[in-house]
Amino acid sequence: QITTVSGSEFLLHSDIDFLILDWFHAIKNAIDRLPKERSCTSRNLEFKLRRSSSIELLNSLDTESKEPKPEHRKSLIFRLNYSASDTNDRSRVKSRLKKFISRRPSLKTLQEKGLIKDQIFGSHLHLVCEHEKSTVPQFVRLCIKAVEKRGLDVDGIYRVSGNLATIQKLRFVVNQEEKLNLDDSQWEDIHVVTGALKMFFRELPEPLFPYCFFEQFVEAIKIQDNTIRIKSIRTLVKKLPRPNYDTMKILFEHLKKIAAKESVNLMSTQSLGIVFGPTLLRPEKETGNMAVHMLYQNQIVELMLSEYSKIFGSEED
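Definitions and limits used
- Residues numbered from 1 in each chain as written.
- Predicted model: local features only at pLDDT ≥ 70, side-chain atom pairs only at ≥ 80, totals over all residues.
- Heavy atoms only, no water.
- Helix = DSSP H or I, 4+ residues; strand = E, 2+ residues; numbered from the N terminus.
- Buried < 20%, exposed > 50% of the residue type's maximum accessible area, 1.4 Å probe, protein only.
- Contact = heavy atoms within 4.5 Å.
- Areas by Shrake-Rupley, 256 points an atom, 1.4 Å probe, with all protein chains shown as cover.
- Salt bridge = Lys/Arg side-chain N within 4 Å of Asp/Glu carboxyl O.

The protein chain carries the name RHG15 protein in an unreviewed UniProt entry, which gives Grus americana as its organism.

Colleague: I keep staring at the overall build of the protein chain and nothing clicks. Help me out?
Modeller: The helix and strand inventory of the protein chain stands at 15 helices and four strands. The buried share of the protein chain, reckoned over its 317 residues, is 40%. Across the protein chain, every contact between residues at least 6 apart in sequence was considered, and the portion connecting residues at least 24 apart equals 67%. Accessible area for the protein chain stands at about 18900 Å²; split by element, carbon and sulfur atoms hold 51% of it.

Colleague: Would you mind showing me how to read unusual backbone geometry here?
Modeller: Peptide bonds are, in most cases, trans, and in most cases residues other than glycine have a negative phi. The phi dihedral of Lys133 falls on the positive side, at around 55°, and the residue is not glycine. Within the element layout of this structure, Lys133 appears in the loop between helix H5 (125-132) and helix H6 (138-150). The class of Lys133 is exposed, set by a relative accessible area of 76%. Backbone geometry places Leu266, a non-glycine residue, at a positive phi of 60°. As for its position among the elements, Leu266 is in the loop between helix H12 (262-265) and helix H13 (269-280).

Colleague: Mind showing me how you'd approach the side chain of Thr194 here?
Modeller: As for its placement among the helices and strands, Thr194 is situated in helix H8 (residues 190-202). In this structure Thr194 touches Val147, Ile157 and Tyr158, once residues within four positions along its chain are discounted.

Colleague: What is the right way to look at the pattern of salt bridges in this model?
Modeller: In a structure, side chains of opposite charge can pair up when their charged atoms sit close to one another. Within the structure shown, the criterion is met by eight salt bridges. The salt bridge partner of Asp183 is Lys149, with a shortest N-O separation of 3.3 Å. Residue Asp183 is located in the loop between helix H7 (164-176) and H8, and its partner Lys149 is located in helix H6; the two are separated by 34 residues in the primary sequence. A relative accessible area of 47% means that Asp183 is categorised as partly exposed. Accessibility expressed as a relative area gives 58% for Lys149, which makes it exposed. In this structure, the salt-bridge partner of Lys222 is Glu219, at a minimum N-O distance of 3.3 Å.

Colleague: Sorry if this is basic, but what is going on with the side chain of Asp246 here?
Modeller: Structurally, Asp246 can be placed in helix H11 (residues 242-260). Beyond its immediate stretch of four places on either side in the chain, Asp246 contacts Thr135 and Val136.

Next up, the structure:
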């Protein structure tokens, strides 16, 4: 949320952490470049990063010194729900935490005792598939089945956000319980299901398009000749690890069905590219080319949807 001294307010929202940080740095750099005579206006601008947790980061910018004003330095600290101002108290807390950590059982021990189950969200794709003895995570299949059953005609499917608290609840259920019934009334809002599916792909330690393939896909989408471009993308897709390929194929087949209902749900291949581009592929290390990368990410997904049969079909096709 950006509020200027003139009273104008702007709200920038994204579920993707690195995008939020890139926006912040871009805005801060723009303010830093303002002429000094305008510093009195920009000095009072506050930029709040609101995230889906109990922690809020508040940055107060001072363009004249390019540093936070002294009276606002404390606002740069993550504000938690406790006070640790007293040095002695902090030392005692540290001591107790060290003792607790040294005595706590290992993650493997807790998993062997059944106290902690293997996580679905936040685990590597191949590990989830190995655990389930499949090449496509069961959760992905269940979400796709639910959306195709009751969400193909829903306006803004995958674009509209579901209730975050309910999505987090679904995430918890998936991580703790083996059986999941998405027909249960508590998951009635189909946007909760689509939100959880997008969250699953966002939380993969390595995206569905592995990091080592990112630049190769970007170079392929830059090719001017459409026939060669499609062939290059197809060649790269065929080189993907089996879990990535099979999961990608079933996901894109599903999204193609969404796009086929564009007249009803208003979700074209371009719209789906914008939604899923940054979710499915991203560089391992972010550079200053965020906007350029995002454009290519969207275009790659859009092309793979519009040319699905040529990219995922058999050689004979």
